[in-house]
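An overview of the molecular structure
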Amino acid sequence: HKQHGVGSYVEMQQRAAVVARTEGVSVMYALKGKLSLPSRTEQQILNIASFECPGQYVFAASPLLTDYVYLQGEITNTGNTILLPGPASMFRNGEFVGRSDMKLVTSGQTFTAGFGIDSQIQVVREFVDKKIETQLGSRYNEQHYRIALSNYKAGPVAVRLLDRVPWTENGSLAIELKNVSHPLS
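Here the structure is a predicted model, which is why all the values come from computation and not from measurement. (Residues numbered from 1 in each chain as written. Predicted model: local features only at pLDDT ≥ 70, side-chain atom pairs only at ≥ 80, totals over all residues. Heavy atoms only, no water.)

Structural notes on the packing of aromatic side chains
The relation between two aromatic rings is expressed through the spacing of the ring centres and the mutual angle of the planes. Put simply, the test is: Pairing of aromatic rings covers Phe, Tyr and Trp, the last counted by its six-membered ring, and requires centre-to-centre distances within 6.5 Å; plane angles under 30 degrees mean stacked, over 60 mean edge-to-face, and any other angle means tilted. Exposed residues in this analysis have more than 50% of their type's maximum accessible area, buried residues have under 20%, and partly exposed residues fall in between, with area computed by a 1.4 Å probe over protein chains only. Segments assigned H or I by DSSP are reported as helices when at least four residues long, segments assigned E as strands when at least two residues long, and all are numbered from the N terminus. A ring is scored as having a charge over it whenever the NZ atom of a lysine or the CZ atom of an arginine sits within 6 Å of its centre and within 35 degrees of its normal.
Throughout the structure, instances matching the rule amount to three aromatic pairs. Relative to Phe96, the ring of Phe91 lies with its centre 5.7 Å away and its plane at 70 degrees, an arrangement referred to as edge-to-face. Residue Phe96 is classed as partly exposed on the basis of its relative accessible area of 46%. Here the aromatic rings of Phe127 and Tyr145 are separated by 5.5 Å at their centres, their planes lie at 70 degrees, and the arrangement is edge-to-face. Of this pair, Phe127 sits in strand β6 (residues 121-135) while Tyr145 is found in strand β7 (residues 138-151), placing the two residues 18 residues apart along the sequence. Against the face of Tyr145 rests Arg125, its NZ or CZ located 4.0 Å from the ring centre.

This is the structure:
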């Protein structure tokens, strides 16, 4: 009986996965007024709704990957419109800043969106030096990096700075972060 129960459960999971792949969310939008579209074979973009949503914004920098600093928003969909998954055009202060792929966002849900590069904040990650020592049969490899942020805005801004620390599954190796000039959060 146990094997039969497990088999049934696994089969249910597989059937549910097939249904999830084939089913989609269906939403009906009520358009205000009448609308005319030219007859074309190519895809057309239509503005269905516009609404403002509150958000918290932060500048994000990953100097190991790029020297650019991006503006990101944690936005809550406070409207009554469900945002379907698909391509999205992102605007900042009325200016187009890029395209993104959006996931399904229901009413009340919070999502992250990128709003392009901010050239008034710059970041650089520089290799400073490397020290290799051997003591009592152990080898010590120490590497120093410098990360510099420059802010050319009128006032201070919060920046989320992301960097990597080496990692290993080898138990005979120890990796340690030392001499950090600013505390990590």
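Topic: unusual backbone geometry
Of note in the backbone geometry, Asn93 takes a positive phi value of approximately 55 degrees without being a glycine. Along the polypeptide, Asn93 turns up in the loop between β3 (86-92) and β4 (95-102). Here Asn179, not a glycine, exhibits a phi torsion of approximately 50 degrees, which is positive. The residue Asn179 is located in the segment after β8 (159-161) in this model. Here Asn179 falls in the exposed class, since its relative accessible area comes to 70%.

Here we look at the pairing of β7
What counts here: Whether two strands pair depends on DSSP finding at least two bridges between them.
The pairing of β6 with β7 spans 14 bridges and is antiparallel. Paired with Phe127 across the two strands is Tyr145, which belongs to β7. From the end of β6 to the start of β7, which pair antiparallel, there are two residues, and Leu136 there has a positive phi angle of about 50 degrees.

Some points on the layout of surface pockets
Counted only if it meets this: The distinction between a cavity and a pocket rests on a 1 Å grid over the protein atoms alone: a 1.4 Å probe fits inside a cavity but cannot get out, while a pocket stays open yet meets protein on both sides within 12 Å along at least five of seven lines, and a residue with an atom within 4 Å of a point counts as lining. Grid points are joined across faces, edges and corners, and a volume is the space filled by probe spheres set on the points. Amino acids outside the nonpolar list (Ala, Val, Leu, Ile, Met, Phe, Trp, Tyr, Cys, Pro) and the charged list (Asp, Glu, Lys, Arg) are all regarded as polar, and Gly is one of them.
Put simply, the largest pocket is a space of about 1,900 Å³. Lining the largest pocket are 37 residues, and of these Gln143, Glu176, Leu177, Lys178 and Val180 lie nearest its centre. Contributions of two or more residues to the lining of the largest pocket are made by β6, β7 and β8. The class makeup of the residues in the lining of the largest pocket is 17 nonpolar, nine polar and 11 charged. Taken as a whole, the second largest pocket holds about 1,400 Å³ of empty space. Lining of the second largest pocket is provided by 30 residues; of these, Ala49, Leu83, Pro87, Ala88 and Ser89 occupy positions nearest its centre. Within the residue set of the lining of the second largest pocket, elements represented by two or more residues are β3, β4 and β5 (110-117). The element that contributes the greatest number of residues to the lining of the second largest pocket is β3, accounting for six residues.

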